[in-house]
2 protein chains.
Amino acid sequence: MPAEDPGRVPVFDDVRAAAGRLAGRARRTPLLAGTPLDERTGGRILLKLETLQHLGSFKFRGAYNRLSQLDDAERRGGVVAFSSGNHAQGVAAAARLLGMPATIVMPSDAPQVKLRNTRALGAEIIAYDRLRESREEIAARLARERGAVLVPSFDDPDVIAGQGTVGIEIVEQAAEAGAALDEVVACTSGGGLVAGIALAVEALSPGTRVCTAEPAGHDDHRRSLASGRRERNAPGTRSICDALLAPEPGKLTFEINRRRLAGGYAVDDDEVRAAIAYAARTLKLVVEPGGAVALAAVLAGKVDVGGRTVAVVLSGGNVDDGLLREVLAA
Amino acid sequence: MPAEDPGRVPVFDDVRAAAGRLAGRARRTPLLAGTPLDERTGGRILLKLETLQHLGSFKFRGAYNRLSQLDDAERRGGVVAFSSGNHAQGVAAAARLLGMPATIVMPSDAPQVKLRNTRALGAEIIAYDRLRESREEIAARLARERGAVLVPSFDDPDVIAGQGTVGIEIVEQAAEAGAALDEVVACTSGGGLVAGIALAVEALSPGTRVCTAEPAGHDDHRRSLASGRRERNAPGTRSICDALLAPEPGKLTFEINRRRLAGGYAVDDDEVRAAIAYAARTLKLVVEPGGAVALAAVLAGKVDVGGRTVAVVLSGGNVDDGLLREVLAA
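Residues numbered from 1 in each chain as written. Chains lettered and ligands numbered in written order. Predicted model: local features only at pLDDT ≥ 70, side-chain atom pairs only at ≥ 80, totals over all residues. Heavy atoms only, no water.

## Topic: the sheet that holds strand E4 (residues 102–107) of chain A
Residue and element names in this part refer to chain A.
Then, number 1: With parallel pairing, 4 strands are arranged side by side in an open sheet as E5-E4-E3-E6. What marks the edges here is a single partner per strand, and that holds for strand E5 (124–128) and strand E6 (149–150).
Then, number 2: As paired elements, strand E3 (residues 79–82) and E6 share 2 bridges and run parallel to each other. Across the sheet, the residue bridging to Val79 is Val149, located in E6. (Pairing = 2+ DSSP bridges. Helix = DSSP H or I, 4+ residues; strand = E, 2+ residues; numbered from the N terminus.)

Here you go:
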């Protein structure tokens, strides 16, 4: 179990191997340059559009990289995962591609769009009460009962390596655009995406800083990077960023991140709402709350952008209609 | 004046030259493949994301191609254009890049987002009543009085050539994706975009059909292509597609289109609303009504897609918040 034993720590070679497995499967999403953000911030902002990844978030990358390495016997047993929604969809889609049954443990208050899409991908959904039940225990029991493989959403070397392909693409696409990359800011929950990006950036663009962006109150990475040890968020803290509610950094991901990340940013719900509205109105992109925190940090002036080149990951777009409408009414 | 004399008819060499002028100025927008549209339609749909072009529509291409060819004396006199909004923004942005004053004649009921953006680009806006005044007369008078160049929104060889760069990119990007292109469907008003695309496709992918998509009641191209002569729309016909309300095909554009287009599709307002909602919910893209008609034709089952590869242009994303919210509430 991850909490006791971080297991194998992935390295850049794992990320490169993941890129090979994902070629032709995951989308090489655009890195958008030259938007009105440049004039607004005085810097050069490159937007990595993982909102346009299959299933509307980067999560398909890690899930497919993990599942595609299972052997035939493991595939027959199927997979179990727990997730607020984007990892659920990623695992369900990868399992369908590979012909495996998938069972996903999801909070009963997950966005409808994520519940609906996961079900539409053929996965069985087990709902639980996010504030009263342990998804880890439910998922572990299901995996035992069904002889299935449990696929963690971040604390897994193959999942981290898969997410790291986002970092390879950012470095490659920035170079294609003739940009010298000063910083990458990624939305962070358990830390799998940012850990994978950090491995890629360390290998391919070592002078580039990698930073986290988190919701205020769930800024465990920011505080953990400052203190040097894994800090927990206060239980029960709420945020509109349903995808970014992990209680603390992963053990394995923090093993990677504590040595490689330059720091973190925190944004409140209003700043996230403003970023979602800006994305829709000005960038013509639909971004979910958890996918907008890095952009929110830039728009709120928290990232030192002036005269620098900063890549900002828009990590997902699975927002419920109601919230998007509400944000556009403000 | 276009109505009396179509003037020089552009050819593919003009489109290629425009691509050279636009390199590094216009964005080479993504051609998105492998979306859920494939499973839904049974075909292979390639989406050309001109929603992500500068100013949120393809119009910057034609405007910049036209204005960048003016000499110093002409540049000092500035430009005048009339437009419901996207051409306005394209001309205003190109004029600003080239250091020219711009005056734009816009309907007083144009979407607020388009009025606001055009003003923010430094253009002077002259409002008129779309149902009672002639924008052509107002613009011609202003151009005379100010010694300015009038830039038509479609019936101009350089404007058509600029829009045609969309077609070059579609053919190139489809080839990069290993797709043999059966058909291109483009949103159509005066016919400049589709004419430019037709010139490019005829030269680079001659076996590919090019078709128009229009709002019902404003399907003058569909009817004109069938009859072989320019048909007018009934005056006063309404549509939510504010960008697609030209009364008839352009004289110059129809000179190109009547020989090269395979036909046209018409969609009603409800089909357009459904396409806007689908784009936001499933594709994570903000599309305006006039930019969604080609997608609407596909979603409504009007395009023969099964087993074929069809490129669909999402031509613009400048929708008012209110309409987007309304569509997401349905």
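After presenting the structure, the write-up continues.
## Concerning the domain arrangement of chain A
Frequently, the measure chosen for interface size is the accessible area removed from exposure when the parts meet.
All names here are of chain A.
Then, number 1: Under the domain assignment, chain A is made up of domain 1 (12–58 + 158–329) and domain 2 (60–155).
Then, number 2: Distance from the C-alpha centre of domain 1 to the C-alpha centre of domain 2: 23 Å.
Then, number 3: Contact residues are listed per partner, giving 38 residues for domain 1 and 26 residues for domain 2.
Then, number 4: Across the domain 1-domain 2 interface, the total number found is 4 salt bridges.
Then, number 5: For Glu288, the salt bridge identified is with Lys114, shortest N-O distance 2.7 Å.
Then, number 6: In terms of residue count, the dominant contributor to the side of domain 1 that touches domain 2 is helix H8 (residues 157–176) (9 residues).
Then, number 7: Class assignment for the residues of the side of domain 1 that touches domain 2 results in 14 nonpolar, 12 polar and 12 charged. (Domains from an automatic or database assignment. Contact = heavy atoms within 4.5 Å. Salt bridge = Lys/Arg side-chain N within 4 Å of Asp/Glu carboxyl O. Nonpolar A, V, L, I, M, F, W, Y, C, P; charged D, E, K, R; others polar.)

## Focus: the nonpolar core
Then, number 1: In terms of nonpolar packing, the biggest core is built from 88 residues, with Leu47, Leu295 and Val312 of chain A together with Leu47, Val272, Leu295 and Val312 of chain B touching the most fellow members.
Then, number 2: Excluding anything up to four places from it in sequence, Leu295 of chain A contacts Leu37, Ala275, Ala279, Leu283, Val312 and Leu314 of chain A. (Core = buried A, V, L, I, M, F, W, Y, C linked by side-chain atoms within 4.5 Å. Buried < 20%, exposed > 50% of the residue type's maximum accessible area, 1.4 Å probe, protein only.)

## Things to note about the pairing of strand E2 (residues 44–49) of chain B
Residues and elements named next belong to chain B.
Then, number 1: Buried residues dominate E2, accounting for 5 of its 6 residues.
Then, number 2: Where strand E1 (residues 31–32) and E2 come together, 2 bridges link them in antiparallel fashion. Residue pairing across strands places Leu32 opposite Leu47, the latter belonging to E2.
Then, number 3: As defined by bridge partners, E2 adjoins strand E10 (residues 309–314) across 6 bridges and the pair is classed as parallel.

## Looking at the relation of the copies chain B and chain A
Then, number 1: Superposing chain B onto chain A requires a rotation of 180° together with a translation of 0.0 Å along the rotation axis, leaving an RMSD of 0.0 Å. A rotation of that kind, with that shift, is consistent with a two-fold axis.
Then, number 2: With an isologous cut-off of 70% or more, the 96% of interface residues of chain B that recur at the interface of chain A puts this contact in the isologous class. (Least-squares fit on C-alpha atoms with pLDDT ≥ 70 in both.)

## Thoughts on the packing of H8 of chain A against helix H9 (residues 192–204) of chain A
Residues and elements named next belong to chain A.
Then, number 1: Two numbers describe how H8 lies on H9: the axes approach to 7 Å, and their chain directions differ by 50°. Taken together, the axes of H8 and H9 are oblique relative to one another. Between H8 and H9 lies a crossing of right-handed hand. On the side of H8, the interface is formed by Ile160, Gln163, Gly164, Val166, Gly167, Ile168 and Val171, while H9 contributes Gly192, Leu193, Ala195, Gly196, Ile197, Leu199, Ala200, Val201 and Leu204.
Then, number 2: Tallied by class, the residues present in the contact of H8 with H9 amount to 11 nonpolar, 5 polar and no charged. (Axes fitted to C-alpha atoms, helices over the stretch in contact; angles between N-to-C directions. Parallel < 35°, antiparallel > 145°, perpendicular 65-115°, else oblique. Left-handed = near helix turned anticlockwise from the far one by under 90°.)

## Observations concerning unusual backbone geometry
Residues and elements named next belong to chain A.
Then, number 1: Here Lys284, not a glycine, exhibits a phi torsion of approximately 65°, which is positive.
Then, number 2: One can find Lys284 in the loop between helix H12 (269–283) and helix H13 (293–299).
Then, number 3: Residue classification places Lys284 among the buried residues on the basis of a relative accessible area of 2%.

## Examining empty space enclosed by the protein
One way to see where empty space is left: roll a probe the size of a water molecule over the atoms.
Then, number 1: Taken as a whole, this structure holds 1 cavity of 30 Å³ or more when the rule is applied.
Then, number 2: In this model, the largest cavity occupies a volume close to 40 Å³.
Then, number 3: Lining the largest cavity we find Val286, Gly317, Val319, Asp321 and Leu324 of chain A together with Ala280, Arg281, Lys284 and Leu328 of chain B.
Then, number 4: Residue assignment for the lining of the largest cavity shows that the elements contributing at least two residues are helix H14 (321–329) of chain A together with helix H12 (269–283) of chain B.
Then, number 5: Broken down by class, the residue content of the lining of the largest cavity amounts to 5 nonpolar, 1 polar and 3 charged. (1 Å grid on protein atoms, 1.4 Å probe; cavity = no way out; pocket = protein on both sides within 12 Å on 5 of 7 lines; lining within 4 Å. Points joined across faces, edges and corners; volume = space filled by probe spheres on them.)

## A few points about the interface of chain B and chain A
Then, number 1: Across the boundary between the two partners, chain B contributes 27 residues, which contact 26 residues of chain A.
Then, number 2: In total, chain B and chain A occlude about 2100 Å² of area from one another, counting both sides; carbon and sulfur atoms represent 56% of this.
Then, number 3: For chain B, the biggest contributors to the area lost against chain A are Lys284, Asp321 and Arg325 of chain B; these three give 30% of the whole.
Then, number 4: Along the contact surface separating chain B from chain A lie 4 salt bridges.
Then, number 5: Counting every contact that joins chain B to chain A gives 13 residue pairs in polar contact (both at pLDDT 80 or more).
Then, number 6: Sorting elements by how many residues they give to the side of chain B that touches chain A places helix H14 (residues 321–329) of chain B first, with 5 residues.
Then, number 7: Of the residues contributing to the side of chain B that touches chain A, the split by class is 13 nonpolar, 7 polar and 7 charged. (Buried area = accessible area lost by both parts, 1.4 Å probe. Polar contact = N/O pair within 3.5 Å; in protein donor to acceptor, adjacent residues only side chain to side chain.)

## A short note on helix H6 (residues 112–120) of chain A
Residue and element names in this part refer to chain A.
Then, number 1: Regarding H6, the residues found buried are Val113, Lys114, Leu115 and Thr118.
Then, number 2: Of the surrounding secondary structure, the elements contacted by the buried residues of H6 are helix H5 (86–97), E4 and E5.
Then, number 3: Phi turns positive, to about 90°, at Gly122, one or two residues after H6.

## Some details on the pattern of salt bridges
Then, number 1: Taken as a whole and judged by the stated rule, the model has 59 salt bridges over all chains.
Then, number 2: Notably, a salt bridge pairs Arg66 of chain A with Asp156 of chain A, separated by 2.9 Å at the nearest N-O pair. Taken together, the residues span a long stretch of sequence, with Arg66 of chain A in helix H3 (residues 59–67) and Asp156 of chain A in the loop between E6 and H8 at a distance of 90 residues. The two residues Arg66 of chain A and Asp156 of chain A agree in class, both being buried.
Then, number 3: Ionic pairing is found between Arg28 of chain B and Glu172 of chain B, a salt bridge with its closest N-O pair at 3.0 Å. Taken together, the residues span a long stretch of sequence, with Arg28 of chain B in the loop between helix H1 (12–22) and E1 and Glu172 of chain B in helix H8 (residues 157–176) at a distance of 144 residues.
Then, number 4: Accessibility expressed as a relative area gives 37% for Glu172 of chain B, which makes it partly exposed.
Then, number 5: Connected through shared salt-bridge partners, Lys48, Glu50, Arg61 and Glu169 of chain A make up one network.

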